[in-house]
Amino acid sequence: MTPIVLSTWSFGSIANNAAWSVLREQGSSLDAVEAGARAVEADPTVNSVGYASTPDRSGRLSLDASIMQSPSQCGAVAAVRRHVHVISIARMVMERTPHVMLAGEGADAFAESQGMTPVADMLGDDMRRKYEAWRTAHPEAINDPGYAYRPKANREERTPGGRAAAVHDQPDDTVGVLAIDHRGVMAGACSTSGWPYKLPGRVGDSPTIGHGLYVHPKVGAAVATGSGELVMGLCSTFHAVDLMRRGASPADAAIEVLQQMVDNYDLKPQHQLAVITLTKTGEWSTACLRPGFSVAVTTPDRNEQTDPTTVLLA
Ligand code: ASP
C-alpha cells in the first residue's frame, strides 16, 4: 500500500515531516500520527497546540487530544494541565488502561505514573504576556460564564508559498493527522488547546471520539478542526465515516458533514469548520465552511500544502 499522511492547517507540514520520517522507514501509522502531533505540540510558535498555546480564562493551559485506530483501539485525554505531549498520554490510555478517556487531574496523574515528567511552565513568557494583555482588554470576561470570546475565523497566516508564517500568532486550530502505512493500516490523531480563553473545564470535540476524530479500519477516517461546539452537536467525524461506509465518496462525505452545520446552526462569521476524509484505500478529500483552511499532504510522490476541494460558504 502507498503510504500517505494528511494534516490540518499550514502547521500541518510540521506534523507531516515528523510523521513521514516514521512512514518512510516502514514504521506504523500509529507511530506516525503520534510523532506528527508531538512535533506540533513541541513547537512554541504554534499557539493552539501543546506547549505555549492559548490558555483558558484563568490563564492556565488545558490540553485535549485523541488517537484512534479502530472502535476498540482509541484513547483520549481532556483538560490536561501539566503535560505537553497529550497525544502520547492518549496513546497510553488506549494501550495501558481499560478506558478510553481520562480527564483533568486524573489524566495528569496517570501520565506521571507512566513516567512522563510534568512541565513546570506550560505557557512560557510570550504567551503569558498575551494572556495578560487579553485579560486587561476583556475584564468583562473573567466573571461572566456566558461570555464567549469570538476570535475571527481563519486565523492562520500563510506565506505566498502556502507554508505557515513564522509565528502562528492566532490562537486556535487543532492539529489533526490521518495516515495509512505501507501495510495499509490507518490511524488518526488530534491535539489542541481548544477554544482560546475558554471557561476552565471546557472540553471540545478534539478528544471526543466520533466528534473531532474517527477511524474505522474497514471504511476510512475523518478529522475535524474549527468551532468544536458545532461538531459536538452533530458527531461530525463519525457521521463522515458512516457516510463513506454507506458508499459516499470522501468528497461527498466531507461536504455533507459541513452542509449539516449550515442546516442545523445559526452560523456566525467567526465560525469555521474543516474536515479531512480518507478512505482505507487512500482516497481523500477536504472541505471547509470558509476560505482559509489548508491541508498538508505527503506521499512518496508529493509533499505540499493544498487548499480544500470545497469551500461551502465561499
Ligand atoms: N476544534 C477545536 C476545539 O473546539 C479547536 C479547533 O480545531 O480550532 O477545541
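Rules used in this analysis
- Residues numbered from 1 in each chain as written.
- Predicted model: local features only at pLDDT ≥ 70, side-chain atom pairs only at ≥ 80, totals over all residues.
- Heavy atoms only, no water.
- Helix = DSSP H or I, 4+ residues; strand = E, 2+ residues; numbered from the N terminus.
- Buried < 20%, exposed > 50% of the residue type's maximum accessible area, 1.4 Å probe, protein only.
- Contact = heavy atoms within 4.5 Å.
- Areas by Shrake-Rupley, 256 points an atom, 1.4 Å probe, with all protein chains shown as cover.
- Axes fitted to C-alpha atoms, helices over the stretch in contact; angles between N-to-C directions.
- Parallel < 35°, antiparallel > 145°, perpendicular 65-115°, else oblique.
- Nonpolar A, V, L, I, M, F, W, Y, C, P; charged D, E, K, R; others polar.
- Core = buried A, V, L, I, M, F, W, Y, C linked by side-chain atoms within 4.5 Å.
- Pairing = 2+ DSSP bridges.
- Near = heavy atom within 4 Å.
- Polar contact = N/O pair within 3.5 Å; in protein donor to acceptor, adjacent residues only side chain to side chain.
- Expected span 1.5 Å × (residues − 1).
- Arc of directions from axis to C-beta.
- pLDDT = per-residue confidence, 0-100.
- Left-handed = near helix turned anticlockwise from the far one by under 90°.
- Salt bridge = Lys/Arg side-chain N within 4 Å of Asp/Glu carboxyl O.

Scanning the protein chain for helices and strands turns up eight helices and 13 strands. With respect to the three principal axes, the spread of C-alpha positions in the protein chain is 50 × 45 × 35 Å. Burial statistics for the protein chain: of 314 residues in total, 59% are counted as buried. Contacts in the protein chain between residues at least 24 apart in sequence constitute 65% of all its contacts with a sequence separation of at least 6. Just so you have it, the protein chain exposes about 12100 Å², and 51% of that area is on carbon and sulfur atoms.

Let's shift gears to the packing of helix 3 (residues 86–96) against helix 4 (residues 104–113). Axis separation between helix 3 and helix 4 bottoms out at 10 Å; the angle between their running directions is 80 degrees. In terms of their interaxial angle, helix 3 and helix 4 are classed as roughly perpendicular. Together, I89, M92 and V93 of helix 3 and A107, F110 and A111 of helix 4 make up the contact between the two elements. For the contact of helix 3 with helix 4, the class distribution of residues is six nonpolar, no polar and no charged.

This paragraph deals with the nonpolar core. Counting 83 residues, the largest nonpolar core has F11, V40, I67, V77, I89 and M261 as the members making the most contacts within it. With seven residues, the top contributor of residues to this core is helix 3. Residues Y131, A141, Y147 and Y197 belong to the second largest nonpolar core, which totals five residues.

Right, let's talk about the sheet that holds strand 11 (residues 295–299) for a bit. Spatial strand order, 4-3-2-6-5-1-11-12: eight strands in an open sheet with mixed pairing. One side of each edge strand has no neighbouring strand; the edge strands of this open sheet are strand 4 (101–103) and strand 12 (302–306). Between one strand axis and the next, the sheet turns through 10 degrees on average, direction left out of account. The pairing of strand 1 (residues 4–8) with strand 5 (residues 175–180) spans four bridges and is classified as antiparallel. Looking at strand 5, one finds that L6 is bridged to L178. Lying on the sheet, helix 3 is in contact with strand 2 (63–70), strand 3 (73–80), strand 4 and strand 6 (186–192); it crosses strand 3 at an angle near 135 degrees.

Next up on the list: the site of the ligand. Taken together, 11 residues surround the ligand, and among them T174, R202, D205, T225 and G226 come closest. Between the ligand and G226, the relevant distance is 2.8 Å, taken from a nitrogen atom to a main-chain nitrogen or oxygen of the residue. Burial of the ligand by the protein chains amounts to 98% of its free accessible area of 270 Å².

All right, on to helix 8 (residues 250–264) then. Helix length check: helix 8 (15 residues) gives 21 Å between terminal C-alpha atoms against 21 Å at 1.5 Å per residue, within 8%. Those residues of helix 8 lying buried are P250, A253, A254, V257, L258 and M261. Summarising the axial view, the buried residues of helix 8 lie within an arc of 125 degrees, below the 170-degree limit, and thus occupy one face.

Taken as a whole, the protein chain shows an average pLDDT of 92; of its residues, 92% reach a score of 70 or greater. Predicted confidence for residues 155–171 stays below pLDDT 50, and this span has 45 contacts to residues more than four positions away or in other chains.

All right, on to the packing of helix 7 (residues 236–245) against helix 8 then. Two elements in contact, helix 7 and helix 8, have axes whose closest approach is 9 Å; the angle formed by their N-to-C orientations is 140 degrees. When the axis of helix 7 is compared with that of helix 8, the two are oblique. With respect to the hand of their crossing, helix 7 and helix 8 are arranged in right-handed fashion. Of helix 8, the residues touching helix 7 (which contributes S236, H239, A240, L243 and M244) are P250, A253, E256, V257, Q260 and M261. Partitioned by chemical class, the residues of the contact of helix 7 with helix 8 number seven nonpolar, three polar and one charged.

Turning next to the pattern of salt bridges. All told, the structure shown has 16 salt bridges when counted by the stated rule. Between D125 and R128 there is a salt bridge, and its shortest N-O distance comes to 3.0 Å. Placement of the pair is D125 and R128 together in helix 5 (residues 124–137), with a separation of three residues, close to one helical turn. When salt bridges that share partners are traced, they join D31, E34, R91 and E95 into one network.

Moving on to the sheet that holds strand 10 (residues 284–288). In spatial order, the strands read 7-8-9-10-13; together these five strands make up an open sheet with mixed pairing. The open sheet has two edge strands, strand 7 (213–216) and strand 13 (310–311), and neither has a second partner. Here five bridges tie strand 9 (residues 273–279) to strand 10, and the two strands are oriented antiparallel to one another. Paired with I276 across the two strands is T286, which belongs to strand 10. Helix-sheet contacts for helix 7 involve strand 7, strand 8 (220–226) and strand 9, and the interaxial angle to strand 8 is about 150 degrees. Helix 8 contacts strand 9, strand 10 and strand 13 of the sheet and is inclined by roughly 150 degrees relative to strand 9.

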